[in-house]
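A closer look at the structure
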Amino acid sequence: MKNKYFSVLPIGGVEEIGSNMTMIRSEDEDIIIDCGMLFPHEECFDINYLIPDFSLVDPARTKNIIITHGHEDHIGALGHLLKAFPDLTVWVTTFTLHLIQRKLAEHKISMNYQMYTPGQELAFRNVDITPIHVNHSIPETSGLIVRSKDRKWGALYISDFKVDLVSKHELPIDFKTIKEKLSECVQTAYFIDSTNVMYDGKTTSENELQADLEHLMNRPENRLFITLFASNVHRMNAIAKMAKASGRKIVVMGRSLWTYMEAARESGHSEITADELFMADQVKGQSGKMLIFLSGCQGDFLSALRRFSFGEDGNFKPVPGDVVIFSSKVIPGNEKKIFRIYNKLTQFGVEIVTAHDHLIHASGHPGKEDLKLLLNNFAPNFYFPIHGESYMLRKHAEFIQKDFPKISAHTIHNYQEVILGEGTIKIEDHEVKEPRLIHGKSIEIEKTQISQRRKMATQGAVFVSYHRSSELMEVSTVGLPLMVQEQ
Ligand SMILES: [Zn+2]
């Protein structure tokens with residue numbers, strides 16, 4: 001690529017939510033931002049997750065990847081990338097490093113890494129990149145300011161954020177550094193989160209949940225259960241502290257919750273000590289006031305929430321008088337699974353409290369008012385919505401065009417390279433590569449094999465074996481209706 005400055009090429013995450021991966025390309029160097037997984041659509045039969053295609057990664061040009069935060073849609077495919085390109089240096093912060101190392105250890109993958117702190121300028125061959133602190137729903141989330149060495153071009157890349165000016169858990173988004181660094185540039189472009197753009201207002205602060213959560217923790221019932229996104233460490237801290245203050249024992253059920261809690265403790269984000277947390281079997285049969293955290297707020301098949309709701313947990317059975325609090329939202333596509341859980345719990349006489357009843361969930365993504373705050377702090381020349389499905393990207397661009405007419409807003413999709421050139425931009429199309437399909441923990445499946453696998457699973461299979469010595473033929477079937485089997 002011949003460009004004096006740099007370009008931004010999304011490989012994943014622009015026209016779908018997930019598999020975030022973007023390349024910052026310059027004359028003789030490419031830098032990757034994030035490498036996440038995508039959860040499969042319904043037609044991806046028995047596929048565990050999808051990962052971006054890596055064929056544009058050239059090891060001669062690509063030595064570095066910067067991770068913005070620890071959500072699976074940003075780190076979930078990193079193991080696959082490092083298997084293919086083991087010499088890459090991964091730039092991370094402490095909390096995210098703990099999460100990544102746990103995942104990589106399971107697959108026995110090693111990683112060269114470098115730590116960064118927000119505000120620190122990372123000098124690469126043709127660009128300087130400054131990670132800046134932003135608010136989101138997981139600790140240590142960064143946006144990236146990318147600038148050409150001569151400061152002719154500057155770009156702000158924030159795939160996930162919200163503006164939380166009153167958080168008790170972390171600093172507000174670093175508007176000051178954005179303004180300072182980009183003011184030094186002749187031309188500027190933004191690449192910004194579209195996830196919550198359909199919301200006209202300002203995204204709720206975690207602080208605003210305090211009153212309703214506290215009210216719930218003070219309810220008279222002995223057993224309160226609560227489920228939330230496991231990565232929302234700040235909220236878990238807040239809830240655990242309230243539970244402790246109301247005299248409740250804190251129990252944690254579910255591997256994902258323990259994983260995030262341990263990573264939080266190791267990186268200084270935990271506000272609860274290890275001896276204040278109990279495993280379910282440690283309190284089995286005990287009465288008294290408890291708060292039980294359950295993993296699996298999306299109704300995941302093997303989660304603690306589902307196991308409990310179906311009466312299948314060995315330590316806790318649902319009984320009338322129990323209260324289950326959903327401090328979460330229903331991600332589109334998961335409605336059926338979650339409503340099944342609501343129904344099961346109701347049949348057991350359990351009370352359900354959701355974010356429709358109380359203010360107990362806040363998004364981690366910007367509503368229109370958050371975006372206005374970002375743009376009122378510093379308005380760029382060009383603007384590209386990212387991190388969203390096609391419809392959201394379009395709505396996001398329309399909003400900018402209407403409310404900020406001086407900014408030139410464009411929609412792009414994966415494999416469209418935004419070239420920041422001499423005084424203007426150019427958009428160049430690359431051949432679109434479909435995401436790769438992963439079965440189980442790491443086995444890659446070809447797309448054509450999906451329909452074969454579905455046929456075998458839904459229509460059954462026939463196995464014929466012929467014994468040459470005895471000349472016997474054996475026919476066995478799997479999954480065929482009985483009538484067919486008898487024929
Ligand atoms: Zn995120």
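Residues numbered from 1 in each chain as written. Predicted model: local features only at pLDDT ≥ 70, side-chain atom pairs only at ≥ 80, totals over all residues. Heavy atoms only, no water.

Our next topic: helix α7 (residues 255–266). Helix length check: α7, at 12 residues, gives a terminal C-alpha distance of 16 Å against a target of 16 Å (1.5 Å per residue), a fit within 8%. Those residues of α7 not exposed but buried are L257, W258, Y260, M261, A263 and A264. Looking at the buried positions of α7, the neighbouring elements they touch are α3 (94–106), α6 (233–245), β15 (249–253), β16 (277–279) and β17 (290–294). Positive backbone phi, approximately 80 degrees, marks G268, located one or two places after α7. (Helix = DSSP H or I, 4+ residues; strand = E, 2+ residues; numbered from the N terminus. Expected span 1.5 Å × (residues − 1). Buried < 20%, exposed > 50% of the residue type's maximum accessible area, 1.4 Å probe, protein only. Contact = heavy atoms within 4.5 Å.)

All right, on to the pairing of β15 then. Within β15, four of the five residues are buried, which leaves the element mostly enclosed by the surrounding structure. Relative to β17, β15 is paired through five bridges, and the arrangement is parallel. From the neighbouring strand, M253 faces β17, where its bridge partner is L294. When β15 meets β16, the two strands line up parallel, connected through three bridges. When the bridges of β16 are listed, V252 appears paired with M279. (Pairing = 2+ DSSP bridges.)

Attention now moves to the sheet that holds strand β24 (residues 425–429). Ordered in space as β8-β7-β6-β4-β3-β1-β23-β24, the eight strands form an open sheet in which the pairing is mixed. The sheet terminates laterally at β8 (112–115) and β24, the two strands that pair on one side only. Across the sheet, the mean angle separating the axes of adjacent strands is 25 degrees when strand polarity is ignored. Where strand β23 (residues 416–420) meets β24, five bridges bridge the pair, whose relative direction is antiparallel. Across the sheet, residue V418 finds its bridge partner in β24, namely I427. (Axes fitted to C-alpha atoms, helices over the stretch in contact; angles between N-to-C directions.)

Our next topic: the coordination of the zinc ion. The coordination sphere of the zinc ion, as far as protein atoms go, consists of H69 (NE2), H71 (ND1), H136 (NE2) and D160 (OD), spread over 2.2 to 2.3 Å. Taken together, the four donor atoms coordinating the zinc ion span angles of 91 to 162 degrees at the metal, a pattern that classifies the geometry as irregular. Counting along the primary sequence, the residues that act as donors to the zinc ion give the motif H-x1-H-x64-H-x23-D. Taken together, the residues span a long stretch of sequence, with H136 in the loop between β10 (127–134) and β11 (141–148) and D160 in the loop between β12 (153–158) and α4 (175–183) at a distance of 24 residues. Residue classification places H136 among the buried positions, given a relative accessible area of 4%. Owing to a relative accessible area of 2%, D160 belongs among the buried residues under this scheme. (Donors = N, O, S within 2.8 Å, 3.2 Å for Na, K, Ca; no water. Tetrahedral: all angles 85-135°; square planar, octahedral: opposite > 155°, others 65-115°.)

On to the packing of aromatic side chains, then. Within the structure shown, the criterion is met by nine aromatic pairs. Taken together through their ring pairs, the aromatic side chains of F225, F308 and F316 make up a single cluster. Above the plane of the ring of F310 lies R306, whose end atom (NZ or CZ) is 4.1 Å from the centre. Lying over the aromatic face of F399, K368 brings its terminal NZ or CZ to 5.7 Å of the ring centre. (Phe/Tyr/Trp six-rings, centres within 6.5 Å; stacked < 30°, edge-to-face > 60°. Lys NZ or Arg CZ within 6 Å of the ring centre and 35° of its normal.)

Further remarks concern the domain arrangement of the protein. By a widely used convention, the size of an interface equals the accessible area lost when the partners come together. By the assigned domains, the protein splits into domain 1 (6–201 + 363–438), domain 2 (206–353) and domain 3 (449–486). Between the C-alpha centres of domain 1 and domain 3 the distance comes to 48 Å. (Domains from an automatic or database assignment.)

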